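These are the residues of each chain, in order.
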Amino acid sequence: MPSAKTLLVVIPAMPLLAAALTAVLGPRLLRTRSHWPTVLGVAFSFAASLLLLFQVHQQVRAEKNATFPSVTLWQWVDVDSSRLAAARTAALVESTAEAGAPPAAKQGTFSINVALQADPLTCVMLAVVTCISLLVAIYSIGYMRGDRGYWRFFSYIPLFVFSMTMLVSASNFLLLYVFWELVGLCSYLLIGFWYQRPAAAAAGKKAFLVNRIGDFGFALGVFLLWTTYGTLNYEDLFGPHHLPYAREALGTAICLLLLAGACGKSAQFPLHVWLPDAMEGPSPVSALIHAATMVTAGVYLVARCLPMFREAPGVLHVVAIIGGGTALLGAIIAVTQTDLKRILAYSTISHLGYMFLALGTGTLLGAVAGMFHLVTHAFFKSLLFLAAGSVMHAMGGVIDIRRFSGLRRRMPITHWTFLFGGLSMAGVIPFAGFFSKDAILLSLAECSGGLIYQTLYWTTFGGIVLIVLYTFRPYFIAFFGPEKIPKEAGDHAHESPRVMTWTLVILAFVAFSVGMVLEWNHVLSDFLAATPSWTTLPLPPAPEVLAKEHLAIALQSSAAVLITLACTAALYLGTRRVIVARLTGLLKLVGIYQLSFGKFFFDQIYWLFIILPAEGFAALCAWADNHVIDGLVNLCGAVPRWFGAALRPLQGGLIQFYALSMAIGLLIMLFLLLL
Amino acid sequence: MNFPELIQSVFDDTLGPGQSLSLFRPELTLCATMIAILLARMILPRWKTSGFYLVLLGLTLALAFVFPWRWFAEGALPGQEIFTGLLAADRFSVALRGLLLLFTLLFVTFTQIAGRWAPEDGAEFFVLLLGAVLGMCLMVSANHVIVVLLGMEMASLPCYVLAGWQRDRRVSSEAALKYAVFGAAAAGILLFGMSLLAGALGSVHLPTMGRRLAELLQAGVDPAQLTALILGGLMVTVGVAFKLAAFPFHFWIPDVFEGATAEVAAFISVASKAAALGLLVRLAGAFVGVPDARQFLVVLVSLLAAVTCTFGNLAAYGQNNLKRLLAYSTIAHAGYMMMPVAAMIALAGGQGSPDAPLSEAQKAVAALLVYLGIYLFMNLAAFAGVAFMRNVAHSEDLRDYAGLVHSSPGFTVCMAIVMFSLLGIPPLSGFTAKWTIFLALVSAKLWTLLAIGVLNTVLSLFYYLRVVKVMTLDAPPADRAAPRIPLTSAAGAYFAMLTVPVVALFFLWGGLSRWADAAAQALFFTTFGP
């Protein structure tokens, strides 16, 4: 069996190789066979990820405080800057004086290794990322067939897989930041994949710009981390013998800046506006990047830094409130949208909010629940997106649910798999979403954080009702009722090719079973609890107490889900749409419908308060460029000519001026210095 | 000491255990190569090749004799004076000579691929080139006023001829003449300044001059002598500033670059600059022990750096000829590279922490070396791109690069990488270079200079990106065939090969900075003692 270190390197290396191969050979040689390097490479990484997961799991079971595999590829930066460090060290010693322990990290050297590490958290992320990537890559063979940019698509996808696997296995913040940006780049490239369409190009730009805001915060956070601790390594910051965390305002500032990055990437309020537009990209991209993997990078970041977040006052409340707020916001908007992919996008925003919320409890229970939900969500949401893509494929690119219905007879496999995904998302027992959703509720109920968490618990509980509503409203509209097919689809609306439907079936099976598998015997929570950075988190109460609580929550939530499901079915299945219209009218009267349908007018608000002033500033800059900078430039070009022109009559030639200019320069310098 | 004893001591120093001659082997190899090329032409009149392989062999041997790798590995060569104090042999000179010879090696290959001349011309070209490199090697190890002058003239004279290489072009001859006139004036001023300094200080040995200056200032100095000193210092600076093409002594460079071929432009912009910077470090290093001189020099070098950098960037804005644009960008880069020298001078007074292997001033020099090591590749690559395009499209005008991405995608990508690197965007090595020198400025607390450097980087964004924009976004000219440079051709492959280190040095940052630290370690042994 290959060693864990080899596996750790192989996992990102294979997709990178595939990306390079496809980019070089794709346009000429591979053409319609361009998917082979990607599928093989990612399959290889998936296998390696599973092996690694297995090895690390063995290790966790074997010994309590295992040292996890890590591998240093090479030393990237090694700059000695002791003078800078000296001042900083003094400051840190002062600020941590009450903590008692002196900073242990190597001070004075800005040294960054290109090093990878695999703790349980990383292993879980790696397995999820490579698994979904593999399935999506296979699905794309069918979905992207015949596209002009076929090879381009299959060189972006492995590049993304490479970046994402590196992101989760990086062992320091700088490397994390590099790959954080690289996944952003891949996301940008893939959102604007059909760059000929203005909407796609604009969506790509929007995603990139909104992410800039978050990433700027993240970068500042990394700077501040370094100036505070003098190290960026996880080992020094979250390891068993980590540095004492900065308290007070400094600690809060670091955490909030990192959180800004996480909010940008994971589309949390107020930076959530890019994700719905990102649906302009091909559906497999939406499934892979904008539902299952990249958008969870923010969750991963918060999970990674959780002990630090705990120490900083108030930060956990911010995480929880942002998460809870976004969860509710996304859910409310999703209820009234008519674009199937956008409904799913808002639901993604909402689910990511739940993950933040769970992490915001700051307990081990919450952290595990957040990661658990991340895993199940990755499967059921990518399934839903791929099923939506299958619908879109058949409908000739139309995704507006008002324009088709009754598809269940023509597309039986898509219908069934969508149903599985929907049931899992709605949290119907025993689908995967049920377990992870209850884990989140349980962690909130167990959190002794006071009124805030109480409120958030009930908000979440209310959110469950909305999940069911926004999942099954489009489901019933699209797949039931009289058959209606848009004219773009022509007369050949049919089930998708086998390569797509099979991946859907596999995903449906996973989305159904993964919750049970991971919940069984607490295999996931025991494994994740061994993550070095989580060892200091507060432990959950005794299992007997917990089980009782858990059962109560499960019963309550299941009742709520089933009742809502029945109501939704009654509303949208029957012919009596009058009730729907009445209800809509009532909501419109209150104004909540307009808010929801208009997405709370975030785009408009941002346009007024950010884009408009920015454009004004840009106009000002353009004016300055034309008048001030160009003037300076022309002056620079003109000065020698003026000199030449002024002196030419005297000297009769230009060469002498050159020699003279030297003397003049010397005189000017002398004058300036003696002044 | 009577005359025979003196002769004996010189003899001992040259051949004896001091091993002056063995440390001088790279230069001797260069001389031998030049003679061999000339002899080969005489003995073999039908000899059709230009002596390219002979040059390659000579340069490789010379590079091997510099032994950069061995000395850095063992931490040997703490620094010594050779030839009775004429030259300094330390790791700084090893590093710079290694860089120069490596550059020449790459450059010779480049001229062989891109150059278009008859073989007999080639031999002349190579002889002149090697002569210039010999002079540059002397410049970077100069420890004596005579060697400073000798090295500068040896480096400059072949460059005048090289600049006028296209004898049938009027512009070329004119450029060479202007260059020569300017160079003569600069040399005159330099010599005058040196004689002033030597007269006031009573020595021509640079470290001794530094010590004498300290004694003189301590004992008190009368105003006339002080004026002579200041004037001398300024004049020497002007001489070096000419080689560096610092504002306002840069007037020759756009003309020379216009007249000379892109190959020669690459040589002047990289090798000549590297040597001049090495010389600047040597000259400044001799006087940094004196606080007053330090203050004077910091102001002088910072001023030159700031003005040169700003001017180069502003002037590059309006250029439509890519070679001219690069000429001005070269001026700007000279400005950036003077910044760590200013930092070095400013830091030389302070004491580093006792357990640190390098003093802060040495770190500033290490920053300069990092910059030079990266600049070598990226600027050579930029000029190589221009030369290859000239061979294909017969034009250096930016408009003829329009839409190049459609006909030569690989070439365009490499060119874009080079442009982004010159600008200093991660993940390219140009970022490493800028970051390192800015760090040196931070530790020297030269905040104004830092602000100017950063602002200039922003300024340069425009014209570097314009090249990329023209190549990728503009429509190709419809009236003629698009130029094609496939990466499988010799030119394309060479260009791609040059862009590899431009990218790779960013990721091997640690190794590069360790190398530079090692090179800077034994510097200033003559000023502060070993």
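A few points on the structure.

Between chain A and chain B, the contact holds 30 residues from the first and 42 residues from the second. Buried area between chain A and chain B, summed over both chains or domains, comes out near 3,500 Å², and the portion from carbon and sulfur atoms is 79%. Along the contact surface separating chain A from chain B lie zero salt bridges. On the surface where chain A and chain B come into contact, there are five residue pairs in polar contact (both at pLDDT 80 or more). Those elements that place two or more of their residues in the side of chain A that touches chain B are strand S1 (70–80), helix H3 (82–95), helix H25 (602–651) and helix H26 (655–674) of chain A. Across the side of chain A that touches chain B, the residue classes tally to 22 nonpolar, five polar and three charged.

Once that is clear, we can look at the pattern of salt bridges. Residues and elements named next belong to chain A. In total, this model carries 19 salt bridges over all chains according to the counting rule given. Between Asp-277 and Arg-342 there is a salt bridge, and its shortest N-O distance comes to 3.3 Å. Residue Asp-277 is located in helix H10 (residues 274–277), and its partner Arg-342 is located in helix H15 (residues 340–359); the two are separated by 65 residues in the primary sequence. Accessibility expressed as a relative area gives 15% for Arg-342, which makes it buried.

This brings us to the packing of helix H16 (residues 360–393) of chain B against helix H19 (residues 429–444) of chain B. Residue and element names in this part refer to chain B. Two elements in contact, H16 and H19, have axes separated by 9 Å at closest approach and are oriented at 160°. Comparing the axis directions of H16 and H19 gives the class roughly antiparallel. Along this stretch, H16 crosses H19, giving a crossing that reads as left-handed. Residues Glu-360, Ala-364, Ala-367, Val-370, Tyr-371, Ile-374 and Met-378 of H16 touch H19, and the partners they reach there are Ser-429, Gly-430, Thr-432, Ala-433, Lys-434, Thr-436, Ile-437, Ala-440 and Ser-443.

With that out of the way, let us pick up the packing of aromatic side chains. All names here are of chain B. What the rule picks out here adds up to 56 aromatic pairs over all chains. Look at Phe-110 and Phe-388: their rings are 5.7 Å apart centre to centre, the planes differ by 90°, and that puts the pair in the edge-to-face class. Taken together, the residues span a long stretch of sequence, with Phe-110 in helix H6 (residues 91–114) and Phe-388 in helix H16 at a distance of 278 residues. When the ring of Phe-506 is compared with that of Trp-509, the centres are 5.8 Å apart and the planes differ by 45°; the resulting orientation is tilted. Judged by relative accessible area, Phe-506 falls into the buried class, the value being 5%. Take Trp-509: its relative accessible area is 4%, and that puts it in the buried class.

Attention now moves to unusual backbone geometry. Cis geometry marks the peptide bond from Ile-429 of chain A to Pro-430 of chain A, where omega comes out at 0°. With respect to the helices and strands, Pro-430 of chain A occurs in the loop between helix H17 (412–426) and helix H18 (432–446). Here Pro-426 of chain B and Pro-427 of chain B are connected by a cis peptide whose omega angle stands at 5°. One non-glycine residue, Ala-245 of chain B, lies in positive phi territory at about 55°.

About the criteria used
Residues numbered from 1 in each chain as written. Chains lettered and ligands numbered in written order. Predicted model: local features only at pLDDT ≥ 70, side-chain atom pairs only at ≥ 80, totals over all residues. Heavy atoms only, no water. Contact = heavy atoms within 4.5 Å. Buried area = accessible area lost by both parts, 1.4 Å probe. Salt bridge = Lys/Arg side-chain N within 4 Å of Asp/Glu carboxyl O. Polar contact = N/O pair within 3.5 Å; in protein donor to acceptor, adjacent residues only side chain to side chain. Helix = DSSP H or I, 4+ residues; strand = E, 2+ residues; numbered from the N terminus. Nonpolar A, V, L, I, M, F, W, Y, C, P; charged D, E, K, R; others polar. Buried < 20%, exposed > 50% of the residue type's maximum accessible area, 1.4 Å probe, protein only. Axes fitted to C-alpha atoms, helices over the stretch in contact; angles between N-to-C directions. Parallel < 35°, antiparallel > 145°, perpendicular 65-115°, else oblique. Left-handed = near helix turned anticlockwise from the far one by under 90°. Phe/Tyr/Trp six-rings, centres within 6.5 Å; stacked < 30°, edge-to-face > 60°.

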